[in-house]
Amino acid sequence: MRITKYTHSCLRIDGGGVLVVDPGEFSERSALDGADAVLITHEHMDHLDLAAIADTAARNPALRVFAHADVLPKLAAFGDIATAVAPGEEFEAAGYRVRAYGGQHAVIHPEIPRIANLGYLIADDETNLYTPGDSFTVPEDTVVDTLFVPLNAPWMKLMESIDFARAVKPGRAFALHDSLLTETGAKISDGHLARFSGTKYAHVAPGTTI
């Protein structure tokens, strides 16, 4: 399994089929080149670029998109490419085994309605990764090899990211949701995660393949 980290929260997984997670408006459209399937954690624009999905679906009518049922109305214009996924559901996407976790976006403010959010555990025969979307949902029933940890967002503080990594206990962790910080600010948060997360942690540049 090769994982390429794109800007902000977008991941491209390949090694057989091509699976893309959260191709949002902050991310490079090239992440979707040749994609067989897409996972959407939730409907926010930094995780879902509808125009990019439309372009990809036009080039590849066989494209499949998996998302929470609440997100599917936003994808209705693309025909029947979208499949609803519920928390706890297991399914196959682009040849990978996927399990959905969670169900709700983290709280931004009590006066802001919460929306649906899914974390995804993605596995092949050798390894797995977990990406939580905009949440700190812990996949408590599995061992996670590679964890993607939210670095900065309106809905979180760094202590929660540290505690999240400690709770998951992955083999290694990488920064996610990381384009809202300046380079200087990111170094501060990275330093704390490296010291206190309890695992090997790295913040890689967009385009890096893991």
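Up top is the structure.
This text gives an overview of the structure that appears in the document. (Residues numbered from 1 in each chain as written. Predicted model: local features only at pLDDT ≥ 70, side-chain atom pairs only at ≥ 80, totals over all residues. Heavy atoms only, no water.)

Here we look at the side chain of aspartate 49
And then number 1: Position of aspartate 49 relative to the elements: it lies in the loop between strand S4 (37-39) and helix H1 (50-59).
And then number 2: In terms of polar contacts, aspartate 49 uses its side chain to reach the backbone amide nitrogen of alanine 51, at 3.1 Å.
And then number 3: In contact with aspartate 49, other than residues within four places in its own chain, are Pro23, Gly24, Glu25 and Arg29. (Helix = DSSP H or I, 4+ residues; strand = E, 2+ residues; numbered from the N terminus. Polar contact = N/O pair within 3.5 Å; in protein donor to acceptor, adjacent residues only side chain to side chain. Contact = heavy atoms within 4.5 Å.)

Quick notes on helix H3 (residues 183-196)
And then number 1: If you check H3, its first and last C-alpha atoms are 20 Å apart, about what 14 residues at 1.5 Å a residue would give, namely 20 Å.
And then number 2: Considering only its buried residues, H3 is in contact with strand S11 (146-150), helix H2 (158-168) and strand S13 (200-202).
And then number 3: Just beyond H3, the residue with positive phi is glycine 198, at close to 85 degrees. (Expected span 1.5 Å × (residues − 1).)

Re the pairing of strand S1 (residues 2-5)
And then number 1: One ladder, built from four bridges, connects S1 with strand S2 (residues 11-14); its direction is antiparallel. The partner of lysine 5 across the bridge, within S2, is leucine 11.
And then number 2: The loop that links S1 with its antiparallel partner S2 comprises five residues; one of these, histidine 8, has a positive phi angle of about 70 degrees.
And then number 3: For S1 and strand S14 (residues 208-209), the ladder comprises two bridges, and the chain directions are antiparallel. Along S14, the bridge assignment pairs threonine 4 with threonine 209. (Pairing = 2+ DSSP bridges.)

Considering the sheet that holds strand S6 (residues 82-85)
And then number 1: The strand order across the open sheet built from seven strands is S6-S5-S4-S3-S2-S1-S14, with neighbouring strands paired in mixed fashion. Because the sheet does not close on itself, it has two edges, and the strands there are S6 and S14.
And then number 2: Here four bridges tie strand S5 (residues 64-68) to S6, and the two strands are oriented parallel to one another. Bridging from a neighbouring strand, histidine 68 pairs with valine 85 of S6.

Points about the nonpolar core
And then number 1: Residues Ile13, Leu19, Leu39 and Ile122 are the most contacted members of the largest nonpolar core, which totals 23 residues.
And then number 2: Of all the secondary-structure elements, those providing two or more residues to this core are S2, strand S3 (18-21), S4, strand S7 (90-93), strand S8 (96-104), strand S9 (116-123) and strand S12 (172-176).
And then number 3: With residues near it in sequence (within four places) discarded, leucine 39 still touches Leu19, Val20, Val21, Asp22, Pro23, Phe66, Phe91, Ala93, Val98, Tyr120 and Ile122.
And then number 4: Listed in part, the 22 residues of the second largest apolar core include Tyr101, Ala106, Leu158 and Ala175. (Core = buried A, V, L, I, M, F, W, Y, C linked by side-chain atoms within 4.5 Å. Buried < 20%, exposed > 50% of the residue type's maximum accessible area, 1.4 Å probe, protein only.)

Concerning the packing of aromatic side chains
And then number 1: Scanning the model with the defined rule gives five aromatic pairs in all.
And then number 2: Among the aromatic residues, ring-to-ring pairing joins Phe136, Trp155 and Phe164 into one connected group. (Phe/Tyr/Trp six-rings, centres within 6.5 Å; stacked < 30°, edge-to-face > 60°.)

Things to note about unusual backbone geometry
And then number 1: Positive phi values are uncommon outside glycine, yet histidine 8 reaches one of about 70 degrees.
And then number 2: At alanine 94, a position not held by glycine, the phi torsion is positive, near 55 degrees.
And then number 3: With respect to the helices, strands and loops of the structure, alanine 94 is situated in the loop between S7 and S8.

Topic: the pairing of S9
And then number 1: The buried count for S9 comes to eight of eight residues, which makes it a mostly enclosed element.
And then number 2: Here S9 shows a buried face lined by Ala116, Leu118, Tyr120 and Ile122 and a second buried face lined by Asn117, Gly119, Leu121 and Ala123.
And then number 3: Looking at chain direction, S8 and S9 are connected through eight bridges and run antiparallel. Residue pairing for S9: valine 98 is matched across the bridge by isoleucine 122.
And then number 4: Note: S9 against strand S10 (residues 128-131), four bridges, orientation antiparallel.

Re the sheet that holds S10
And then number 1: Spatial strand order, S7-S8-S9-S10-S11-S12-S13: seven strands in an open sheet with mixed pairing. Each having just a single partner strand, S7 and S13 make up the two edges of the open sheet. Mean inter-strand twist for the sheet, computed between neighbouring axes without regard to direction, equals 25 degrees.
And then number 2: The pairing of S10 with S11 spans two bridges and is parallel. Across the sheet, the residue bridging to tyrosine 130 is leucine 147, located in S11.
And then number 3: H2 contacts S10 and S11 of the sheet and is inclined by roughly 165 degrees relative to S11. (Axes fitted to C-alpha atoms, helices over the stretch in contact; angles between N-to-C directions.)

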